[in-house]
Amino acid sequence: FRAAVGRLRTTWDLVQARAEEGDKLQPLELGGIGELFCQADVFNDLFQVKMHEICSACGGTFTACAVKTEDRALQKMFRSYAGDWRRLCDLVRASLVFDSVDQIERCLKMLDGDAEVRILQTHLDKHRLRPDYDASASAGYRDVQLCVKLDTPESRSRGVANHLGEVQLHLGAMAQLKSDGGHETYKLCRTLRGE
C-alpha cells in the first residue's frame, strides 16, 4: 500500500507540473452566479459522460452527480469565498471510485493524457491520500480532487469549454464510509468551521 501511495504522489507531482497555471476561477465573461448555474446545467451532461468513459476504462465505479444545489452553493460562496461566485469550481463534479490506489494512479494518468481534459494546477491539500495529509481538516475523509475543463468541439460550441468541474477520485473503502454517514459528519464539521 505504501509503495502504491508513493507512486501516486509521484504521478500527482508530474501531473501538477504539466497542469494549466492560473487562478481557479469560473469564466469572467459570465454575468453572475445565475449565469454560472445556467452554464453548469449545460456543462454537466458533457462532463458526466466524459468522466464515466475514463472511470470505466480504469476499472472504476462511476457516480454521476447533479449540479450542486443553489442553497449549498450560496452557503459556500458566502462562508468560504467572501461572496466571490467565480470561486465555485465544484458546481459540476463527479465521483470515480476505485478498489486500489494503483487504479487511482492509472485514472490520474489517463486524465492527464486525455487531449480533451485540461487539468488546472491545484494545491497539495487536494491530494488527501498522501501520508502527511492532516485528515482532521476533512473529518478523516481522504480522496484526490482535481479541477478540470473539457475542451471538445461540443463544449466549445455550447460555450462551456472554460467552465470548471471537479473530479473526485475515491478508494472504495473510503467511499463506503462516506455513504455510511461519514459525509454527514464531514458536513457537520464544515458547518461548525463556518465553511
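First, a word on what this report is: a plain description of the structure on this page. Since the structure is predicted, the reported quantities are computational estimates derived from the model, not experimental observations. (Residues numbered from 1 in each chain as written. Predicted model: local features only at pLDDT ≥ 70, side-chain atom pairs only at ≥ 80, totals over all residues. Heavy atoms only, no water.)

### Examining the packing of helix 2 (residues 33–57) against helix 4 (residues 101–113)
Running from N to C, helix 2 and helix 4 cross one another at 135 degrees; their axes reach a closest spacing of 9 Å. The angle between helix 2 and helix 4 falls in the class oblique. Handedness of the crossing formed by helix 2 with helix 4: right-handed. The segment helix 2 lies against helix 4, with Met51, Ile54 and Ala57 engaging Arg106, Cys107, Met110 and Leu111. The residue makeup of the contact of helix 2 with helix 4, split by class, is six nonpolar, no polar and one charged. (Axes fitted to C-alpha atoms, helices over the stretch in contact; angles between N-to-C directions. Helix = DSSP H or I, 4+ residues; strand = E, 2+ residues; numbered from the N terminus. Parallel < 35°, antiparallel > 145°, perpendicular 65-115°, else oblique. Left-handed = near helix turned anticlockwise from the far one by under 90°. Contact = heavy atoms within 4.5 Å. Nonpolar A, V, L, I, M, F, W, Y, C, P; charged D, E, K, R; others polar.)

### Description of helix 4
The end-to-end C-alpha distance of helix 4, which contains 13 residues, comes to 18 Å, matching closely the 18 Å that a straight helix rising 1.5 Å per residue would cover. Within helix 4 the residues assigned to the buried category are Val101, Gln103, Ile104, Glu105, Cys107, Leu108 and Leu111. Lining the buried residues of helix 4 we find helix 1 (2–18), helix 2, strand 2 (93–98), strand 3 (117–120), strand 4 (144–150) and strand 5 (165–171). (Expected span 1.5 Å × (residues − 1). Buried < 20%, exposed > 50% of the residue type's maximum accessible area, 1.4 Å probe, protein only.)

### Examining the nonpolar core
One finds Phe47, Met51, Leu96, Leu111, Val167 and Leu169 to be the most contacted residues of the largest nonpolar core, which totals 47 residues. For this core, the secondary structure elements donating two or more residues are helix 1, helix 2, helix 3 (70–81), strand 2, helix 4, strand 3, strand 4 and strand 5. For this core, the element with the highest residue contribution is helix 2, accounting for nine residues. Other than its neighbours up to four places away in sequence, Leu169 contacts Leu96, Phe98, Ile104, Cys107, Leu111, Asp143 and Val144. (Core = buried A, V, L, I, M, F, W, Y, C linked by side-chain atoms within 4.5 Å.)

### Quick notes on the packing of aromatic side chains
This model, assessed by the stated rule, comprises one aromatic pair. Between the aromatic rings of Phe43 and Phe47, the centroid separation amounts to 5.5 Å while the plane-to-plane angle is 40 degrees, which identifies the pairing as tilted. Of this pair, Phe43 and Phe47 are both found in helix 2, four residues apart, which corresponds to roughly one turn of the helix. By relative accessible area, Phe43 is classed as buried at 0%. Using a relative accessible area of 0% as the deciding quantity, one classes Phe47 as buried. (Phe/Tyr/Trp six-rings, centres within 6.5 Å; stacked < 30°, edge-to-face > 60°.)

### Focus on the pattern of salt bridges
Two side chains carrying opposite charge are able to pair once their charged atoms lie near each other. Following the criterion strictly, the structure yields 15 salt bridges and no others. Among the ionic pairs, Asp125 bridges to Arg130, the shortest N-O distance being 3.7 Å. Among the ionic pairs, Asp151 bridges to Arg156, the shortest N-O distance being 2.5 Å. By relative accessible area, which is 26% here, Asp151 ends up partly exposed. A cluster of three or more residues bridged by salt bridges with shared partners is formed by Glu20, Arg118 and Lys149. (Salt bridge = Lys/Arg side-chain N within 4 Å of Asp/Glu carboxyl O.)

### Some details on the pairing of strand 4
A large share of strand 4 lies buried, amounting to seven of its seven residues. Both faces of strand 4 are covered, namely the face carrying Val144, Leu146, Val148 and Leu150 and the face carrying Gln145, Cys147 and Lys149. The pairing of strand 3 with strand 4 spans four bridges and is classified as antiparallel. Looking at the pairing, Ile119 lines up with Val148 of strand 4. (Pairing = 2+ DSSP bridges.)

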